[in-house]
Amino acid sequence: MPYQTGSALTSAILLLAVLILAGTAGGTDFFNLPAPLPPDQYGNIVINRISTKNGVKPVSFSHRIHRMRYTCRVCHAELEFNMKTNSTEISESSSRSGRFCGACHNGKISFKHNGNCDRCHNGDMEAGGDKFAELEKLPFPRTFYGDGINWVEAVTQGKITPLNHLKVKSTSIPFDKTLLLEAEWSIIPPVIFPHKEHTAWIDCDGCHPDPFNIKRKTTQHFSMSAILRGEFCGECHLNVAFPMNDCKRCHPGMKDDKKMPGL
Ligand code: HEC
Ligand code: HEC
Ligand code: HEC
Ligand code: HEC
Ligand code: HEC
Ligand code: HEC
């Protein structure tokens, strides 16, 4: 008992010390969270590995528009796009031979590469914003953070049924265990990791063995600072899935009274 009190006290003093050092008691400032993009741009990326070098404007890509119709698996497993902007060797010739964007932008599933240059090569981070306005009018489950859409609810309520494959079916076995990840500091409410909400979008090999080893309990390595550098949960929860500002969604014991208007 004296030991327990001691360790809780040490943690409390530690947290207090960090908060004072950071000069604030707000979690957001404390962790130096990246300023989130406005909802109509959250999840948008501009691809420019080879575009300007070859005299065309960079390519805009909206995750929101695409994930309404396809799971992450389709692009990030089946079509072999990496989850890191400008790291995949996309080119006009690869797309025109049916790979990458060309697996769908072929004139059958969606507009083709010939003659639609500006729809992709516009260098515009805000591209797709007009469609966002249409979306906002729909009775879509909302959140206060990220792109403002609660994608878990959107799937559960059947508002969207994103395709899980184009040609190659997933061979993943179902697994729906929810894990409780205890933070090292006893005063921090634990984190939940639900498998079901993830495997709706991502196959097992999207996370195992990299970045999460299922055999070894590696939880002590996934601190908030590592996550904010883009590791572990931060691979997706900084720019596409709901962002780190939404503390309560991962730490259900934390307080949060922010709600979307109308909820
Ligand atoms: C229609 C295809 C498509 C779908 C669906 C898709 N992505 Fe992506 N994603 C891309 C492309 C293309 C890139 C950029 C790749 C490159 O430039 O090398 C990307 C990049 C990313 C990045 C890196 C972002 C950054 O800022 O560097 C993350 C993270 C990501 N995707 C996560 C996801 C998640 C999570 C899902 C599912 C909810 C998803 N993606 C669904 C095509 C897709
Ligand atoms: C898995 C299929 C698929 C892949 C892969 C894909 N797209 Fe799309 N994309 C679509 C579909 C379908 C639409 C139409 C969505 C709509 O009309 O609501 C679309 C819409 C778009 C739009 C919106 C254009 C507009 O109407 O304003 C852009 C831009 C775009 N895609 C760019 C890309 C780029 C760039 C890539 C590759 C990095 C890519 N897409 C890969 C299926 C795909
Ligand atoms: C569906 C989206 C899309 C459309 C439509 C599209 N492109 Fe691209 N294009 C890309 C992507 C993605 C890349 C890779 C961008 C990068 O990494 O910088 C690319 C790369 C390029 C490059 C770089 C050099 C090379 O050989 O790959 C050129 C030049 C180019 N496109 C020209 C065009 C022209 C001209 C058109 C219209 C006739 C066009 N593109 C239509 C998505 C598109
Ligand atoms: C979005 C990422 C993600 C996906 C996708 C995912 N997992 Fe996990 N998985 C995790 C994390 C995080 C842990 C906890 C790791 C730790 O504690 O070190 C975990 C742990 C596990 C464990 C250990 C459970 C325990 O009780 O300790 C098993 C078994 C497992 N996953 C199986 C699967 C299977 C099977 C699939 C596909 C159906 C899958 N996972 C998909 C992230 C993922
Ligand atoms: C490979 C991408 C990826 C990784 C890595 C990942 N997630 Fe997720 N996570 C998602 C996506 C996609 C969703 C669906 C919701 C969304 O897109 O906003 C999701 C949903 C969740 C939900 C469900 C929220 C709800 O409303 O039910 C929780 C909780 C969560 N993630 C926590 C975590 C934690 C904790 C980690 C790290 C241990 C993690 N995630 C790692 C992509 C990822
Ligand atoms: C995407 C999920 C996710 C979100 C969102 C999230 N956290 Fe965490 N947090 C984690 C994980 C995972 C750990 C490590 C837990 C463990 O040690 O098992 C963690 C650990 C912590 C710790 C313990 C110290 C450390 O660095 O490990 C603190 C404090 C913390 N989070 C505060 C916050 C605050 C404040 C917010 C909101 C601004 C937040 N978290 C949002 C997943 C998340």
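Placed above this text is the structure.
Everything quoted here is computed from the prediction, not taken from an experiment.

**Some details on the coordination of the iron atom of ligand 4**
Geometry reference: four tetrahedral donors at a metal, ideal angle 109.5 degrees. Six octahedral donors, ideal angles 90 or 180 degrees.
Alright, step 1. For the iron atom of ligand 4, every protein donor is listed as H195 (NE2) and H208 (NE2), and the spread of their distances is 2.0 to 2.1 Å.
Alright, step 2. For the iron atom of ligand 4, the six donor atoms are set out with angles of 85 to 178 degrees between them, so the coordination reads as octahedral. Of this pair, H195 sits in helix 9 (residues 195-199) while H208 is found in the loop between helix 9 and helix 10 (224-228), placing the two residues 13 residues apart along the sequence.

**Describing the pattern of salt bridges**
Alright, step 1. In this structure the tally under the stated criterion is six salt bridges.
Alright, step 2. A salt bridge links E92 to R96, with the shortest nitrogen-to-oxygen separation between them at 2.9 Å. With E92 and R96 both in helix 5 (residues 92-96) and four residues apart, the pair spans about one turn of that helix.
Alright, step 3. Judged by its relative accessible area of 36%, E92 falls in the partly exposed class.
Alright, step 4. Each of R73, E78 and D203 takes part in salt bridges that share partners, so that together they form one network.

**Details of unusual backbone geometry**
Alright, step 1. In this model, H208 is joined to P209 through a cis peptide bond whose omega is 0 degrees.
Alright, step 2. At N86, a position not held by glycine, the phi torsion is positive, near 70 degrees.
Alright, step 3. Inspection of the secondary structure puts N86 in the loop between helix 4 (72-78) and helix 5.
Alright, step 4. If you check the backbone angles, F232 has positive phi at about 50 degrees while not being a glycine.

**Quick notes on the site of ligand 4**
Alright, step 1. Residues in contact with ligand 4 amount to 20 residues; listed here are only the nearest, K177, H195, C204, C207 and H208.
Alright, step 2. Note that an oxygen atom of ligand 4 is positioned 2.5 Å from one of the side-chain N or O atoms of K177.
Alright, step 3. In this structure, a nitrogen atom belonging to ligand 4 sits 2.9 Å away from a side-chain N or O atom of H195.
Alright, step 4. Element by element, the count of residues in the shell around ligand 4 is highest for helix 9, at three residues.
Alright, step 5. Here the shell around ligand 4 is composed, by residue class, of nine nonpolar, seven polar and four charged.

**Quick word on the environment of C250**
Alright, step 1. Structurally, C250 is set in helix 11 (residues 247-250).
Alright, step 2. Beyond its immediate stretch of four places on either side in the chain, C250 contacts P190, V191, I192 and F242.

**Quick notes on the site of ligand 6**
Alright, step 1. Near ligand 6 lie 22 residues; those nearest to it are E182, M224, C247, C250 and H251.
Alright, step 2. The separation between an oxygen atom of ligand 6 and a polar main-chain atom of M224 is 3.0 Å.
Alright, step 3. Interatomic distance of 2.9 Å between a side-chain N/O atom of H251 and a nitrogen atom of ligand 6.
Alright, step 4. Looking at the shell around ligand 6, the elements that each hand over two or more residues are helix 10 and helix 11.
Alright, step 5. The residue makeup of the shell around ligand 6, split by class, is 14 nonpolar, five polar and three charged.

**Structural notes on the packing of aromatic side chains**
Alright, step 1. Enumeration according to the criterion identifies five aromatic pairs in this entry.
Alright, step 2. Geometrically, the ring pair formed by F212 and F232 is tilted, given 6.1 Å between the ring centres and 35 degrees between the ring planes. In this pair, F212 is assigned in the loop between helix 9 and helix 10 and F232 in the loop between helix 10 and helix 11, connecting sequence segments 20 residues apart.
Alright, step 3. On the basis of relative accessibility, which here comes to 15%, the residue F212 falls in the buried class.
Alright, step 4. Judged by its relative accessible area of 16%, F232 falls in the buried class.
Alright, step 5. Ring pairing ties together the aromatic residues F193, F212 and F232, which thus form one cluster.
Alright, step 6. Over the ring of W201 we find R67; its NZ or CZ atom is 4.3 Å from the centre of that ring.
Alright, step 7. Against the face of F111 rests R119, its NZ or CZ located 4.0 Å from the ring centre.

Conventions adopted
Residues numbered from 1 in each chain as written. Chains lettered and ligands numbered in written order. Predicted model: local features only at pLDDT ≥ 70, side-chain atom pairs only at ≥ 80, totals over all residues. Heavy atoms only, no water. Donors = N, O, S within 2.8 Å, 3.2 Å for Na, K, Ca; no water. Tetrahedral: all angles 85-135°; square planar, octahedral: opposite > 155°, others 65-115°. Helix = DSSP H or I, 4+ residues; strand = E, 2+ residues; numbered from the N terminus. Salt bridge = Lys/Arg side-chain N within 4 Å of Asp/Glu carboxyl O. Buried < 20%, exposed > 50% of the residue type's maximum accessible area, 1.4 Å probe, protein only. Near = heavy atom within 4 Å. Polar contact = N/O pair within 3.5 Å; in protein donor to acceptor, adjacent residues only side chain to side chain. Nonpolar A, V, L, I, M, F, W, Y, C, P; charged D, E, K, R; others polar. Contact = heavy atoms within 4.5 Å. Phe/Tyr/Trp six-rings, centres within 6.5 Å; stacked < 30°, edge-to-face > 60°. Lys NZ or Arg CZ within 6 Å of the ring centre and 35° of its normal.

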